[in-house]
Structure formats: structure tokens, C-alpha cells
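Next come the chains, spelled out residue by residue.
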Amino acid sequence: MFVLVVDSSTPAVTAALVEVSADGVTLRAQRRTVDARAHGELLAPHVDEVLADVGARPADLAAIVAGLGPGPFTGLRVGLVTAATMAQVLAIPTYGVCSLDGIGHPAAAGEPVLAASDARRREVYWAVYDGAGQRIAGPNVDTPAVAAQRARDLGVTAAVGDGAYRYADVFDLPLRAEPRYPDPTVLAALAAERIRSGAPGDPLTPLYLRRPDAVAATARKPVLP
């Protein structure tokens with residue numbers, strides 16, 4: 001089964017086409033551009049490109065997997081709206097996966113690991129994974145210092161992700177080089193059992209974790225002196 005994977009929770013705008021079979025998940029095509037200001041411009045073309053790489057059409061898709069975040073409001077909603085719209089048009093299910101799982105799950109290698117992405121405002125989105133790659137804390141949004149203390153309390157021995165690199169001096173942990181951004185093959189693998197069983201799709205509820213910067217006015221401003 002061909003499955004489209006999209007993630008726009010970080011500055012990396014990612015689209016991938018994977019094949020899900022009884023034997024596992026195989027990456028067939030991928031596009032990724034790191035540009036925090038161009039999610040809306042880049043994601044749709046990336047989707048077209050990965051389909052074209054293998055000669056597939058949207059109608060060939062059996063499901064769509066989307067990274068749910070956490071991530072900044074504007075970028076994250078691009079991926080989720082794209083996934084939900086395509087799925088509705090194609091009448092196929094969508095499956096959501098925490099985007100940090102696509103960083104922390106593959107980086108765990110027998111010891112607890114902290115996965116972090118940049119949340120702006122001098123904060124990080126973070127989660128902790130045990131040695132088997134299972135999430136045991138988070139996702140949360142905090143200052144790097146708070147995340148670092150929580151990680152130490154949980155016995156974390158390494159950090160991974162773009163947020164870990166950005167605040168490496170605060171975390172003071174050995175850095176895992178990859179994955180720096182959510183791995184689409186891992187996101188698909190974490191949803192694979194649901195895909196194989198034909199489980200009902202998810203509503204793709206975003207993990208914003210905090211309010212957007214722009215909010216509606218709560219009172220009218222006087223226009224007369």
C-alpha cells in the first residue's frame with residue numbers, strides 16, 4: 001500500500017511516499033526543505049514530486065500519515081490541513097503521530113533520550129523516550145533549562161533534534177546527529193499497524209500546546225474622542 005507522509009511541525013517541510021507491507025515500511029521517495037517561513041509554498045509541490053518520483057497518482061494512496069506536532073501554529077496547520085483535505089477528497093483514512101516520536105523513537109538506543117524541537121520564544125517542545133523508544137514524558141513546551149532538569153530527573157543520557165542543537169549549552173548532554181527533524185519513515189512505521197488493519201482514521205488534532213500569537217480582540221476600541 002502506498003502511504004503519503006507529511007510533517008510541517010518544524011522548519012523542515014517534509015513529504016514522503018512509503019510502501020507499507022506485511023514485512024515493514026519502505027521509503028520510496030522523499031522531499032525535505034528546511035525553511036521556517038515557507039511551509040505553505042513548499043508542502044504541496046513536495047507532495048506532487050514524491051508521487052511523480054514513483055509514477056504514482058493521488059488515487060493510488062491507501063492512507064495519509066501526518067505529524068501532529070507539537071509545533072508553531074502557522075506551520076503545523078499547513079501539514080494537517082493538507083493531509084485532511086487530500087484524505088477527504090480521496091476518501092482515505094488519515095493517521096496522526098506525535099512529531100517528536102519521529103525524532104526520539106529512532107534515536108533511542110538502549111538508554112533514555114531527550115528529543116527537542118525549537119518552539120521559538122526561547123523555548124523548546126520536548127519529550128523523553130526510554131531505551132526501547134517509547135515516550136515516557138511529554139510532549140511539553142518549556143524553557144530549555146526546565147526541559148533539561150526534567151530530562152536529568154528521568155536519567156536521560158543523550159539529546160536529539162534541532163532544539164537540542166540550538167540549546168546544546170543548556171542541555172549539556174551528548175548529541176545524537178540524527179534524526180534532526182521528524183523521520184517520515186518512522187512516522188509511518190508508528191502508524192503501520194493501524195494502516196494494515198484498516199483502522200478508522202484519526203481527526204488529526206494538532207498538538208499546539210499553547211495559544212497562537214495572534215488572538216482576536218476582546219473589546220471594541222472607541223473611534224470617537
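Before reading further, recall that the structure is shown in the block above.
Summary of the structure given here. All values reported here derive from a predicted model rather than from experimental measurement.

1. With respect to the overall build of the protein chain
In step 1: Summing up its helical and strand segments, the protein chain has seven helices and 10 strands in all.
In step 2: In terms of overall dimensions, the protein chain is globule-like: its C-alpha atoms have a radius of gyration of 18 Å, near the 17 Å expected for 225 residues.
In step 3: If one aligns the C-alpha atoms of the protein chain with their principal axes, the spans along those axes are about 65 × 50 × 30 Å.
In step 4: Expressed as a percentage of its 225 residues, the buried residues of the protein chain come to 46%.
In step 5: Within the protein chain, contacts between residues at least 6 apart in sequence are counted, and of these 62% link residues at least 24 apart.
In step 6: Accessible area for the protein chain stands at about 10900 Å²; split by element, carbon and sulfur atoms hold 52% of it.
In step 7: On the protein chain, the mean spot of the 21 positive side-chain charges and the mean spot of the 24 negative ones are 8 Å from each other.

2. Details of the pattern of salt bridges
In step 1: If you walk through the whole model with that rule in mind, you get nine salt bridges.
In step 2: Put simply, Glu-193 and Arg-196 hold a salt bridge, and the shortest N to O gap is 2.7 Å. With Glu-193 and Arg-196 both in helix 7 (residues 184-197) and three residues apart, the pair spans about one turn of that helix.
In step 3: What makes Glu-193 exposed here is its relative accessible area of 57%.
In step 4: For Arg-196, a relative accessible area of 31% corresponds to the partly exposed category.
In step 5: Here Asp-202 ties to Arg-194 by a salt bridge, and the two come within 2.6 Å at their closest N and O atoms.
In step 6: A cluster of three or more residues bridged by salt bridges with shared partners is formed by Arg-31, Glu-49 and Asp-53.

3. What to know about the nonpolar core
In step 1: Ranked by internal contacts, the top residues of the largest apolar core, which has 23 residues, are Leu-4, Val-6, Val-47, Leu-61 and Ile-64.
In step 2: If you list the elements that add at least two residues to this core, you get strand 1 (2-7), strand 2 (12-21), helix 1 (39-53), strand 4 (61-67) and helix 2 (73-90).
In step 3: Counting residues per element, this core draws most heavily on helix 2, which supplies six residues.

What counts as what
- Residues numbered from 1 in each chain as written.
- Predicted model: local features only at pLDDT ≥ 70, side-chain atom pairs only at ≥ 80, totals over all residues.
- Heavy atoms only, no water.
- Helix = DSSP H or I, 4+ residues; strand = E, 2+ residues; numbered from the N terminus.
- Rg over C-alpha atoms; globule rule 2.2 N^0.38 Å.
- Buried < 20%, exposed > 50% of the residue type's maximum accessible area, 1.4 Å probe, protein only.
- Contact = heavy atoms within 4.5 Å.
- Areas by Shrake-Rupley, 256 points an atom, 1.4 Å probe, with all protein chains shown as cover.
- Lys, Arg positive; Asp, Glu negative; His and termini not counted.
- Charge placed at Lys NZ, Arg CZ, Asp CG, Glu CD.
- Salt bridge = Lys/Arg side-chain N within 4 Å of Asp/Glu carboxyl O.
- Core = buried A, V, L, I, M, F, W, Y, C linked by side-chain atoms within 4.5 Å.

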